[in-house]
Amino acid sequence: MKLLRLLVLLFVLPVSAQQGGMWIPSLLKGMNEKEMKTLGMKISAADIYDVNKSSLKDAVPHFNGGCTSEVISSKGLLLTNHHCGYGEIQSHSTVDHDYLTNGFWAMKQEDELPNKDLEVTFIVKIEDVTNKVLEGVAALTSEADKQKKIQENINMLSRTLPKESWQENKIRTFYDGNQYILFLTETYTDVRLVGAPPSSIGKFGSDTDNWVWPRHTGDFSLFRIYADKNNRPAAYSKDNVPYKPKHFFPVSIKGVKENDFTMVMGYPGRTQEYLPSYAVAQIINDLNPAKIEVRDAALKVQDGFMRKDNAIKIQYASKYASIANYWKKWIGETKGLKKSNALAIKQKFEQEFQDKVAKSGKQAEYGNLLADFKKNYTEIAPYALSRDYYTEVVLRNTELLSFGYRLFQLEQVYNAKGEQAFNDRKNNLIAGFEDLYKDFNANVDEKVFEQLIALYATKSPKQFLPASLVNADTKKLTEEVYSQSKLTSYNGLKELLNGDAKTVIERINKDKGFQLVKTMADSYLKNVAPKYDELNLKNIALQRTYMKAILELFPNNRIFPDANSTLRVTYGKVKGYSPSDAVIYEPMTYLDGVIEKYVPGDYEFDVPAKLISLYNNKDYGQYADKGRMPVCFIGTNHTTGGNSGSPALDAEGNLIGLNFDRVWEGTMSDIHYDPAICRNIMVDIRYVLFIIDKYAGAKHLVDEMKIVQNKKK
Ligand code: ARG
Ligand code: ASP
């Protein structure tokens, strides 16, 4: 029995098949096509990317720079996550039309809602421009000069390489500066909201279920791209027409099962898979714990207020979710790095690396790399820690300080550029602050400040602190700042900013809150930033050489470039995993699980009455799988932040799901991908269609799509 199981495993799991990687679409033919076919892919690399004919890449635009989306009809219908369209859904919501709570569905095209500041970007062409970017760089000696020359070349090439007037040339580095690739792009700015489920479906499980499998979230929303009469990008106009895509994804309702081939295309933001062990140790032992502790304190304070006061709950919901998202991720990442022995694995690789360097006679070129890394990471440690404390406390999680920091920048604008620039910036600030103060509660912020400033004063490296914070009575400081500073209200802020530059600058410099921010910013900019930047630049240069050496010395390894917000393809299989001893997770969830998690009236686990009744009547239409309604599934696709909204495709390139998250035990995949437990989480496309059709009654949207189904017998 055991032997049989082993044989079966060996047969269905080619080792190379499950190792992750996010690959460049234009290079699949040489690097991945064979492996993808071994895994079950039925289409060719040229079907995914081709410059001469339409291909899958033509249906996958970057969604507002941070998420991914896909075109799913000949009329520019666009699918992405609920959490990616959240800002737009929120911005159209009022007390009377609360689309976050109740959902929104445009029953005809005239009802689709235009959005300020929303754009989607398509890739027209991908081309290697390494030689052009590096022209004249080798002759330079200092790292700073090299970086400057590279930037100049990039700027020049972006301007001069051929493009149409409505297109853009974007050049990005791959393999840490060893390769440069050009993306010719087209950006559409008239993108309208078409549909969104209520949050009790689109955000079901909220923060408790975030980063967790088993998952039951219908994390999707629908938009439509509009173009001018020539199908080109155009600013919003009621004369614009639905965009006609070069390609759109057929939607398959045939269903998925374990071991099916899957592929995800999208725009992963940032990974660091090739860091040396010294850097990973620092993340595990110092940086993540510090950031987690700061956010932990901020979240506890906010949560306390939110539970007691409904108005505060609404004010802080979105802030809380965004602080909690990476707080939770860092906890999972740290755990996962430890549990998967990432450090030991890195160290073993470094030993091998050193041996190869010696054997290949490259001692002079690469022999000192790891020792240099070690020296640099040791030296940078206190600076990196200070920087994280500064970022987390001053810039991110205490609003009075981050507001004050904007005034600090305003003063700098005046010093550098004079009165006119000052006035422009000031007016922008006053307008922008109105929204920020709407969601600001001085009592909450004061309690957050009290906790965070104490952490700052006691835990961040003492040698870089401003004198006033060393051994400071932070309780007293908190009282002083929040009783005296004008930054605690919007009116106070407007008072501070009233008048000409000289008056304003004199006045803000007398404000207790501003004074504190300025002292903190000054000492950071003087004691930490210059040395951090200097050492960081050295690490960047070392990382580039290290990457070059790895590529040279390990030609048979699967070496994919780290994520950099450019279009990638990752592939694998639908697959469950074992998170811990004796526990095995199935790869699919069903609506039954939503009902199991249902807590009436709860802000995370409430379920809409209509969904319950559809469940009770098993009214699933053509979307059921053997009488049950599928909700989410997981696979071995290697994804990261930015892949949200990415299309999950089957062996034929049909849409079967929508990527939105990763599993808790595998959140370390940005630093160390472990094929045994790293999984991406996708909404099953049948659940999306079921919600649109049966729940929302927006069948006309499904009719617009090209549905692929099993042949009727
Ligand atoms: N963890 C997912 C990602 O990193 C989803 C985040 C949105 N959901 C939430 N509950 N905050 O974006
Ligand atoms: N939830 C992430 C996103 O928004 C995806 C991930 O980190 O796996 O891009």
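The structure this text deals with has already been given above.
All values reported here derive from a predicted model rather than from experimental measurement.

K.L.:
Just checking my understanding: could you explain the state of the cysteines for this structure?
P.N.:
Throughout this description, disulfide means a covalent bond between two cysteine sulfur atoms. Counted according to the given criterion, the structure contains 1 disulfide. The thiol of Cys632 is not disulfide-bonded; the next cysteine sulfur, from Cys84, is found 15 Å away. Judged by its relative accessible area of 0%, Cys632 falls in the buried class. Free of any disulfide, Cys678 has its nearest neighbouring cysteine sulfur in Cys632, separated by 18 Å.

K.L.:
Quick question: what am I supposed to make of the pairing of strand β21 (residues 655-662) here?
P.N.:
In summary, the side chains of a regular strand alternate between the two faces of the sheet. With respect to burial, β21 is a largely interior element, 8 of its 8 residues being buried. For strand β20 (residues 647-649) and β21, the ladder comprises 3 bridges, and the chain directions are antiparallel. Bridge pairing links Leu649 to Leu655 in β21. Counting the residues in the hairpin turn of β20 and β21 gives 5 residues, including Gly653, whose phi is positive at 85°.

K.L.:
What's the story with the site of ligand 1 in this structure? I'm lost.
P.N.:
What surrounds ligand 1 is the set His83, Ser206, Asp207, Asn210, Trp211, Ala321, Asn325, Phe660 and Asp661. Within the side chain of Asn325, an N or O atom sits 3.0 Å from a nitrogen atom of ligand 1. For the shell around ligand 1, a count of residues per class yields 3 nonpolar, 4 polar and 2 charged.

K.L.:
Just checking my understanding: could you explain the site of ligand 2 for this structure?
P.N.:
Taken together, His83, Trp211, Thr640, Gly641, Gly642, Asn643, Ser644, Phe660, Asp661 and Arg662 form the complete shell of residues around ligand 2. With the chains in place, 89% of the 270 Å² that ligand 2 exposes on its own is no longer accessible. Take the shell around ligand 2: its biggest share by element is 3 residues, from β21. In the shell around ligand 2, the residues fall into 2 nonpolar, 6 polar and 2 charged.

K.L.:
How should I be thinking about the pattern of salt bridges in this particular structure?
P.N.:
If the charged atoms of two oppositely charged side chains come close together, the side chains can form a pair. Across all of its chains, the model carries 46 salt bridges by this definition. The salt bridge partner of Lys438 is Asp435, with a shortest N-O separation of 3.1 Å. Within this pair, Lys438 and its partner Asp435 are both found in helix α17 (residues 419-438), separated by 3 residues, close to a single helical turn. One salt bridge in this structure joins Lys699 and Asp703, with 3.1 Å as the shortest N-O distance. Taken together, the residues span about one helical turn, with Lys699 and Asp703 both in helix α26 (residues 699-704) at a distance of 4 residues. Using a relative accessible area of 37% as the deciding quantity, one classes Lys699 as partly exposed. The exposure class assigned to Asp703 is exposed, which follows from its relative accessible area of 52%. A network of salt bridges, in which partner residues are shared, links Lys329, Glu333, Arg662 and Asp670.

K.L.:
Honestly, empty space enclosed by the protein in this entry has me stumped. Any pointers?
P.N.:
If a probe as big as a water molecule is rolled over the atoms, it shows which places are left empty. With the rule as written, the count across this model stands at 3 cavities of 30 Å³ or more. Counted as a void, the largest cavity has a volume near 50 Å³. Taken together, Ser386, Tyr456, Ser460, Pro461, Phe464, Leu465, Met520, Ser523, Tyr524 and Val528 make up the lining of the largest cavity. Take the lining of the largest cavity: its biggest share by element is 4 residues, from helix α22 (residues 512-553).

Rules of the game
- Residues numbered from 1 in each chain as written.
- Chains lettered and ligands numbered in written order.
- Predicted model: local features only at pLDDT ≥ 70, side-chain atom pairs only at ≥ 80, totals over all residues.
- Heavy atoms only, no water.
- Disulfide = S-S within 2.5 Å.
- Buried < 20%, exposed > 50% of the residue type's maximum accessible area, 1.4 Å probe, protein only.
- Helix = DSSP H or I, 4+ residues; strand = E, 2+ residues; numbered from the N terminus.
- Pairing = 2+ DSSP bridges.
- Near = heavy atom within 4 Å.
- Polar contact = N/O pair within 3.5 Å; in protein donor to acceptor, adjacent residues only side chain to side chain.
- Nonpolar A, V, L, I, M, F, W, Y, C, P; charged D, E, K, R; others polar.
- Areas by Shrake-Rupley, 256 points an atom, 1.4 Å probe, with all protein chains shown as cover.
- Salt bridge = Lys/Arg side-chain N within 4 Å of Asp/Glu carboxyl O.
- 1 Å grid on protein atoms, 1.4 Å probe; cavity = no way out; pocket = protein on both sides within 12 Å on 5 of 7 lines; lining within 4 Å.
- Points joined across faces, edges and corners; volume = space filled by probe spheres on them.

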